[in-house]
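# Architecture at a glance
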Amino acid sequence: MSTTLFDSLVGIVGEKNVSNREMDLICYSSDIAPLPETIISTYGIKMPSVVVRPQNPDQISAILKLANEKGVPVTPRAGASSAMGGCLPIDGGIVLDMTSMDSIISIDEEGMKVTAQAGVTFQKLLRELEKRNVKLGTYPTSSPSATIGGYISNGGCAGIGAPKYGPISSQILQLEVVLPDGEILSVDSPRSSLLVGAEGTLGVITQVVLRIYPIPESFVALAYGFDNLTLACEGLIKLLESGIMPNSLTFMDKCFLETICELGLEFPKHEIVFCLTLEGRKQLVAAQEKAIDKIFSGGKKLDLAFAMEEWERKYKTELFIKRAGPTIILVEANVPIIKLKEAVNSLREVNEKLGLKASFYGIMGHGGSMLTMPIVLTDERMEEDYFNTLLSTLKMMSIIISAGGVIYTVGLHNCIFMGLIHNEKKIEIMKSLKKKFDSYGILNPGKLTECRMAWLKSLIK
Amino acid sequence: MSIDQAYTELVNIFGHKNVLRRKEEIQQYCLDIYSRTEQKPALVVKPESTKQLSQLFPVAEKHELHVTPRGSGFDPAMGSMSNNGIIVDLTQLNQALALDEEKHSITVQPGINFRSLSGVLASKGFSLGLEPVASSEATIGGFIATHGVGYGSIKHGSIFNIVRDLEIILSDGSIVQTGLKDVPSYATGYDLTHLLVGSEGTLGIIIEATLSIFPKPEMATNIAFTFSDIKVGADISREISKNTSTLSSVFIMDGSLMETLKTRSMKISHEGFLGVLRLEGTKEVVDLDASFTKKVCESLLPFQVGDEIWNSRFLYPLVKARETPVLVEDYTIPTDKNADAYHKLEDIGAKHGLKSSFYSLQISMDSNLSVFIFYMNGSSEADIAREELEGSILSLGGKPCSAGLRRTTAMKKASPGSLDLLKKIKGVFDRENLLSPEKLVL
């Protein structure tokens, strides 16, 4: 008699690291943006049959070999803090929970690098680094739950530090990855870039060597309020031209601020609020602050205490709004800052027509881009309402694309836009790469190069 | 395989003057700038258009000739050389196609060199922010294909950070746009653009590149300092890089290279090393950084210098001005191991009776681009010395800047998985296995 999948997995990772309890399976079938039943069934999303928590790359290698042998899909998952459905096990099978692999292996201050397992959260890693007076360059606002492997897999080009330190891709010195056929490779830059943004479809990242940086002498948090979108966007363009790179910059629009205020927090009331941080030598920070005051003279400088408070709750603000939901649907788009005004305006116009209320939150990325997130509140228990809202947000994405933006992570929901963004030949190469790495299509199927939602396209025209 | 027939067919595509085969015509392609071992290509073609280039591949395939793209030949690892294949000289595809002042980007052909490119940018008030160490004659295509680092890297990173989008031609003749022109493509599917960076012509030939550009800095200033113990200079350069925002370059050279500068009537006199750093930005911030910098290296008696040293920064003319032949190796080395690397060069040189030179540019807070030079003077031990040096540098965590035909084994030792990955994906891009497959063979 052949052994069951469950028993084979127990043989690889041990009993305590495998589960097929219903409660676990339910928890592992969604990300931070739960989907209602109708969508799950229309999308054809299955429940996983088993959840595995591997402890090392050899175990992952064995699991992937087993999966190939048995033809069982494997979906890697870590913090599940992306809302794009990239970690949903849509064909069922094995969910590979990477969060047990969270050791920090070494912090090398002399060599200025840290080696850690991919399942470590940014928050844990940052805390350990801070004890040695060093820090990471770029990290996401979802740091309490987001893991380094997950952020890298999802592209990591917007976040705290991104304007100054660049995309996470340029801070990777080495990646250890288990390929779908079970081969374990250690790949350095620039070849490692293939795994960045591959969303766990080409391999499972197990260990990362990242650059680290000294914690600068001085730090300041600033905030500016604008009563007019045009002036705010002009200010941003001037900031880009000035060459001053803030450590971070977030923006919130009126609707976002109002919703937050309704929830009982005190936020200034403006059309647009920018919160930004600067770091460096004391004198330099002071000079930059002065320069930015001038650059943002079209707006009003807000209370420093508010700016600092906003920095302190940097991991919370974006999701605080979820409380007004209970469910949010996020559109995540990367928009060139020179097109930001156009994108926001055309979205607002359409939303008005649709009677849709979207709150805008954004975080500046690398290379003059803004990760722009219109957030729509809904309730996944009201199925029809949810479905309509989802369709509207997909429509919003296509509007952003016409205005010059692109999707930020493909996942499940954004697959339908790949053809709008990339040429056919490029997509063909992506598909061939996937085929080359994963000939049986077992690793994170139904994502990125494989669109199962083509039928949705006709609904958002 | 018939070279005669291939020649005739290629002449039909590229025209008589753009297909070379006679010994005296191909002489310059048998070597790169620093190599001594000749590799004789069967043919050299010099495309004037991408259309011509796309017609090359069926001919190459038919006659079983490998294809090796070449810019100005500044890769010291024989990366632009070919044994019995076809070299594609890209230097006639050298146009700047579009400069977008609003989006801060420029689209160029691969054969444009850095001197022309910076001229085009300067006329519009921009700069590339990054330049190769070897020469301003190096081409942008070659720089991308070898994952170029250089002057400006400490601020802007390697060419990896500057490249936004590429257009490449594959060996099946198809043309692919790899990225997006206006916005980073990191989270929109597989990152094909950066996969091409450092692929050394083994995946496709770059026919167009869109790069980020930067407003020309308001001002620049150069500060020089001298020191006897390399460790002292290396530590100071590191300290400065951690605490300034306008530092665009900091490099050190040893006494023997300094001698060459002297022959250019520059007044520097020191037995040990010369360090030069350049600050670029707004006047206010440059001034702040300059006074900070001077304080950090106060004990080394820093002095402000004009642009004459900066204008002599390219290494190839400096090395060429000295005795030849030379043996040149470039590695990236962790900053904290750079002084050790220098001592290895000195020890190995002394052991084999070879004079040497050392040049090092800091390219990030954690790494340097270091160039090791042996002057051979007819010594037969140079190759042994080079091998010993390679072993020492690899054990210090150094990596060769390119593999070429000569350093594949070293590359394999330094980053085994990366080479395996490149081999794995080669067939996806280069279905006919025509593009320099020998570079990946151990």
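Residues numbered from 1 in each chain as written. Chains lettered and ligands numbered in written order. Predicted model: local features only at pLDDT ≥ 70, side-chain atom pairs only at ≥ 80, totals over all residues.

### Section: the domain arrangement of chain B
All names here are of chain B. Structurally, chain B comprises domain 1 (3-92), domain 2 (96-215), domain 3 (219-317) and domain 4 (323-417). Look at where the C-alpha atoms of domain 2 and domain 4 centre, and you get two points 27 Å apart. The interface of domain 2 with domain 4 comprises eight residues on the first partner and ten residues on the second. Elements with a contribution of two residues or more to the side of domain 2 that touches domain 4: β9 (150-151) and α6 (153-156). Among the residues forming the side of domain 2 that touches domain 4, the class breakdown is four nonpolar, three polar and one charged. (Domains from an automatic or database assignment. Contact = placed C-beta atoms within 7 Å. Helix = DSSP H or I, 4+ residues; strand = E, 2+ residues; numbered from the N terminus. Nonpolar A, V, L, I, M, F, W, Y, C, P; charged D, E, K, R; others polar.)

### As for helix α14 (residues 383-402) of chain A
Residues and elements named next belong to chain A. The terminal C-alpha atoms of α14 lie 29 Å apart, and with 20 residues this matches the ideal 28 Å at 1.5 Å per residue to within 8%. Residues of α14 that are buried: Y386, T389, L390, S392, T393, L394, M396, M397 and I400. A positive backbone phi angle near 110 degrees is found at G404, which sits one or two residues after α14. (Expected span 1.5 Å × (residues − 1). Buried ≥ 20, exposed ≤ 12 C-beta atoms within 10 Å, placed from the backbone.)

### Concerning the confidence of the model for chain B
Per-chain confidence: chain B averages 92 in pLDDT, with 97% of residues scoring 70 or above. Scored by ipTM, the complex comes to 0.95, with pTM at 0.96. (pLDDT = per-residue confidence, 0-100.)

### A closer look at the interface of chain B and chain A
Taken together, the contact between chain B and chain A spans 50 residues of the former and 60 residues of the latter. Where the side of chain B that touches chain A is concerned, the elements lending two or more residues are α7 (159-162), β11 (175-177), α8 (192-196), β13 (214-215), α9 (230-243), α11 (283-296) and α17 (416-429) of chain B. Per element, the largest residue contribution to the side of chain B that touches chain A is eight residues, and it comes from α17 of chain B.

### Focus on the domain arrangement of chain A
All names here are of chain A. Assigned domains within chain A: domain 1 (5-99), domain 2 (101-214) and domain 3 (218-407). Taking only C-alpha atoms into account, the centre of domain 1 sits 22 Å from that of domain 2. Domain 1 puts 17 residues into the contact, and the matching count from domain 2 is 22 residues. Considering each element in turn, the side of domain 1 that touches domain 2 owes the most residues, six residues, to helix α4 (residues 57-70). Within the side of domain 1 that touches domain 2, the residues separate by chemical class into eight nonpolar, eight polar and one charged.

### Looking at α11 of chain B
All names here are of chain B. Over its 14 residues, α11 runs 20 Å from end to end, which matches the ideal 20 Å to within 8%, given 1.5 Å per residue. Buried residues of α11: V285, V286, L288, D289 and T293, and no others. Taken around the axis of α11, the buried residues stretch over an arc of 160 degrees, which confines them to a single face. Set apart from the buried face of α11 by more than 90 degrees, the exposed residues are K283, S291 and K295. (Arc of directions from axis to C-beta.)

### Some thoughts on the packing of helix α8 (residues 229-242) of chain A against helix α13 (residues 340-354) of chain A
Residues and elements named next belong to chain A. Running from N to C, α8 and α13 cross one another at 150 degrees; their axes reach a closest spacing of 9 Å. When the axes of α8 and α13 are compared, the pair comes out roughly antiparallel. Helix-helix and strand crossings are classified by hand; for α8 and α13 the assignment is right-handed. In this structure, α8 contributes L229, T230, C233 and L236 to the contact, and α13 contributes L340, K341 and V344. Residue classes in the contact of α8 with α13 are distributed as five nonpolar, one polar and one charged. (Axes fitted to C-alpha atoms, helices over the stretch in contact; angles between N-to-C directions. Parallel < 35°, antiparallel > 145°, perpendicular 65-115°, else oblique. Left-handed = near helix turned anticlockwise from the far one by under 90°.)

### Structural notes on the sheet that holds strand β1 (residues 18-19) of chain A
Residue and element names in this part refer to chain A. Read from one edge of the open sheet, four strands run β1-β2-β4-β3, paired in mixed fashion. The open sheet has two free edges, formed respectively by β1 and β3 (74-77), since each of these has just one partner strand. Pairing of β1 with strand β2 (residues 50-52), which is carried by two bridges, proceeds in the antiparallel orientation. Along β2, the bridge assignment pairs V18 with V52. The strands touched by helix α1 (residues 5-13) within the sheet are β1 and β2, with β2 carrying the most contacts at an inclination of about 10 degrees. Each of β2, β3 and β4 (94-97) touches α4; the most contacted strand, β4, lies at about 170 degrees to it. (Pairing = 2+ DSSP bridges.)

### Quick word on the nonpolar core
Core analysis: the biggest nonpolar cluster contains 278 residues, and I148, V208 and F274 of chain A have the highest contact counts within it. Discounting chain neighbours no more than four positions away, the residues touching F274 of chain A are A223, Y224, A232, L249 and F251 of chain A. (Core = buried A, V, L, I, M, F, W, Y, C linked by C-beta atoms within 7 Å.)

### Considerations on the environment of V149 of chain B
All names here are of chain B. Looking at where V149 falls in the secondary structure, it is placed in the loop between α5 (140-145) and β9. Each C-alpha atom of the pair V149 and M219 lies 23 Å from the other, and the pair is 70 residues apart in sequence. In this view, V149 contacts S158, T332, I363 and L369; residues no more than four positions away in its chain are not counted.

### Digging into the pairing of strand β15 (residues 247-253) of chain B
Regular strands have side chains that alternate between both faces of the sheet. Residues and elements named next belong to chain B. Within β15, seven of the seven residues are buried, which leaves the element mostly enclosed by the surrounding structure. As judged from the six bridges shared by β15 and strand β16 (residues 273-281), these two strands associate in the antiparallel manner. If you follow F251 over to β16, its bridge partner there is V276. By the bridge criterion, three bridges tie β15 to strand β19 (residues 355-362) in an arrangement that is antiparallel. Looking across to β19, one finds that F251 is bridged to L361.

### Points about the sheet that holds strand β4 (residues 86-89) of chain B
All names here are of chain B. The four strands are arranged β1-β2-β4-β3 in an open sheet whose pairing can be described as mixed. A strand with exactly one partner marks an edge of an open sheet, and here the two such strands are β1 (19-20) and β3 (67-70). As defined by bridge partners, β3 adjoins β4 across four bridges and the pair is classed as parallel. Within β4, the residue paired with R70 across the bridge is D89. Along the sheet, helix α1 (residues 3-14) contacts β1 and β2 (43-45); its crossing angle with β2, the most-contacted strand, is approximately 10 degrees. The sheet strands contacting helix α3 (residues 50-62) are β2, β3 and β4, and the helix crosses β4 at an angle near 175 degrees.

### Considerations on the pairing of β3 of chain A
Residues and elements named next belong to chain A. Side chains of β3 alternate between two faces, with V74 and P76 and T75 and R77 buried alike. Pairing of β3 with β4 involves four bridges; the strand directions are parallel. Across the sheet, residue P76 finds its bridge partner in β4, namely L96.

### What to know about the environment of K314 of chain A
All names here are of chain A. As for its position among the elements, K314 is in the loop between α11 (304-312) and α12 (317-320). With 17 C-beta atoms counted inside 10 Å, the residue K314 sits in the partly exposed group. The spatial distance from the C-alpha of K314 to the C-alpha of P144 is 11 Å, given a sequence separation of 170 residues. Beyond its immediate stretch of four places on either side in the chain, K314 contacts T141 and I160.

### With respect to the packing of α8 of chain A against helix α10 (residues 282-295) of chain A
Residues and elements named next belong to chain A. Relative to each other, α8 and α10 sit at 140 degrees, their axes nearing to 9 Å. Here α8 and α10 pass one another in a crossing that is right-handed. Side by side, α8 and α10 meet where G235, K238, L239 and S242 of the first sit next to A291, I292 and I295 of the second. Across the contact of α8 with α10, the residue classes tally to four nonpolar, two polar and one charged.

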